[in-house]
Each structure stands twice: as structure tokens, then as C-alpha cells.
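# Remarks on the overall topology
Chain by chain, the residues run as shown.
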Amino acid sequence: MPMIDVYAAAGTFRDPHTLERNLAAAVMRWEQVPDLPLFANNTAAFIHDLDAAAISNVAGDSNYVRVQVLTPSGVLDRDKQVGVVEELTEIVATAAGDPTLRERTWVLLTESPEGGWGIAGHANTNADIAALARAALEGR
């Protein structure tokens, strides 16, 4: 149930909505959660269009993209981290129509602390989320 934030200069992406959907679906696949509304409805991406002057490296370049992925703690082991970073980088470059953007896309993986994943007004632990998933699977 990740939250994905993408920061880029305005106009970088021709179809931000499709980019959001592709990023969310990719992270959900890497998390390997069941295809349940609990996960699909609580996995989302947000595109933050910034003025180019709001982004800069040391040399003054502003043609970078930052993707921050927030997940519950422990859901991405090392293989999943490597895979999700590679795939999200590819999705971003493709969405921008610029293969060179792969070299300028930063992906940051962040874990929410145990009990710090709020859904429907409740701060869930990983055990809480697993219990919600089991209940949803049993109710199918």
C-alpha cells in the first residue's frame, strides 16, 4: 500500500495520470500483495509539478526527477528494492519520452515506522494490515 510522490519540472510528463497509475501498479506488484481493493484503493501516486527554478543540482541543472516511495516497514527486501527502483526509473523515463532521464531520476525508498500507516483514521501496524487483508480474502 505504498504512497508514491514524483517531483519534476512542470511539463516533464505528457500524461501524468497514466504515469501515476503505472507507478502505483508497479510498486504493488513488487510488494507482492494480493489484488484486493484494500491494496489497490490505498496505493497511489502523486505528481508534483514544480517550476524548473525550484529544482537544481550543483551545476544548476533542473532536468531531474525525484520519486519517493513510502511503504509500511519491511515490505521490500533487497531484491524488491533493486527491482522497484529499476522499474520505476524506466517508467518515469518512458513517460517523459526521454531515455536519458534514467540517468537523472532519483528513487528514494522510505519506510513508515511500525504503527505509522494510517488508513480510515486508524494508525495500523503491519499485523493490522495483514489482518485486514486476511479478512478481505476470506470475504471474497
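Residues numbered from 1 in each chain as written. Predicted model: local features only at pLDDT ≥ 70, side-chain atom pairs only at ≥ 80, totals over all residues. Heavy atoms only, no water.

### A few points about the confidence of the model for the protein chain
Model confidence for the protein chain is summarised by a mean pLDDT of 92, while 99% of its residues fall at 70 or above. At the low end of the mean pLDDT range in the protein chain sits helix α2 (residues 37-40), at 78; at the high end sits helix α3 (residues 78-96), at 98. (pLDDT = per-residue confidence, 0-100. Helix = DSSP H or I, 4+ residues; strand = E, 2+ residues; numbered from the N terminus.)

### Some points on the nonpolar core
Counting 24 residues, the largest nonpolar core has Ile4, Val6, Phe13, Leu23, Val65, Val67 and Leu88 as its most contacted members. Top element by residues in this core is α3. It accounts for seven residues. Counting residues in each nonpolar core, the second largest holds nine residues, with Phe39, Trp117, Ile119 and Ile129 among its members. (Core = buried A, V, L, I, M, F, W, Y, C linked by side-chain atoms within 4.5 Å. Buried < 20%, exposed > 50% of the residue type's maximum accessible area, 1.4 Å probe, protein only.)

### Description of helix α1 (residues 16-31)
The terminal C-alpha atoms of α1, which comprises 16 residues, lie 23 Å apart, in line with the 22 Å expected from a rise of 1.5 Å per residue. What α1 keeps buried is the set Leu19, Glu20, Leu23, Ala24, Ala26, Val27, Met28 and Glu31. The elements touched by buried residues of α1 are β1 (3-9), α2, β2 (44-50), β3 (65-72) and α3. Positive backbone phi, at 60°, marks Gln32, one or two positions downstream of α1. (Expected span 1.5 Å × (residues − 1). Contact = heavy atoms within 4.5 Å.)

### Some points on the pattern of salt bridges
Tallying each qualifying case throughout the model produces three salt bridges. In this structure, Glu90 and Arg102 form a salt bridge, with 2.6 Å as the shortest nitrogen-oxygen distance. Separated by twelve residues along the polypeptide, Glu90 in helix α3 and Arg102 in the loop between α3 and β4 (105-112) bring together distant segments of the chain. Taking relative accessible area as the criterion, Glu90 reaches 34% and is therefore assigned partly exposed. (Salt bridge = Lys/Arg side-chain N within 4 Å of Asp/Glu carboxyl O.)

### Re the packing of α1 against α3
One way to put it is that α1 packs onto α3 with a least axis distance of 10 Å and a crossing angle of 165°. Overall, the two elements α1 and α3 adopt an arrangement that is roughly antiparallel. In this structure, α1 crosses over α3, and the sense of that crossing is right-handed. Residues Leu19, Asn22, Leu23, Ala26, Val27, Arg29, Trp30 and Glu31 of α1 lie in contact with α3, whose contacting residues are Asp79, Lys80, Gly83, Val84, Glu87, Leu88, Ile91, Val92 and Ala95. Here the contact of α1 with α3 is composed, by residue class, of ten nonpolar, two polar and five charged. (Axes fitted to C-alpha atoms, helices over the stretch in contact; angles between N-to-C directions. Parallel < 35°, antiparallel > 145°, perpendicular 65-115°, else oblique. Left-handed = near helix turned anticlockwise from the far one by under 90°. Nonpolar A, V, L, I, M, F, W, Y, C, P; charged D, E, K, R; others polar.)

### Overview of the environment of Asp35
Here Asp35 lies in the loop between α1 and α2. Looking at Asp35, the relative accessible area reads 63%, which means it is exposed.

### Structural notes on the environment of Glu20
Locating Glu20 in the fold gives a position in helix α1. Of the residues examined, Glu20 reaches a relative accessible area of 19% and is grouped as buried. Note: C-alpha distance between Glu20 and Leu38 (18 residues apart in sequence) is 18 Å. Not counting the four nearest positions on each side in its chain, Glu20 is found in contact with Ala45, Phe46 and Ile47.

### Observations regarding the side chain of Lys80
Position of Lys80 relative to the elements: it lies in helix α3. Among buried Asp, Glu, Lys and Arg side chains, Lys80 stands out as unpaired, with Asp77 the closest opposite charge at 5.0 Å. Filtering out sequence-adjacent residues up to four positions away, Lys80 remains in contact with Trp30, Glu31, Gln32 and Val75. (Lys, Arg positive; Asp, Glu negative; His and termini not counted.)

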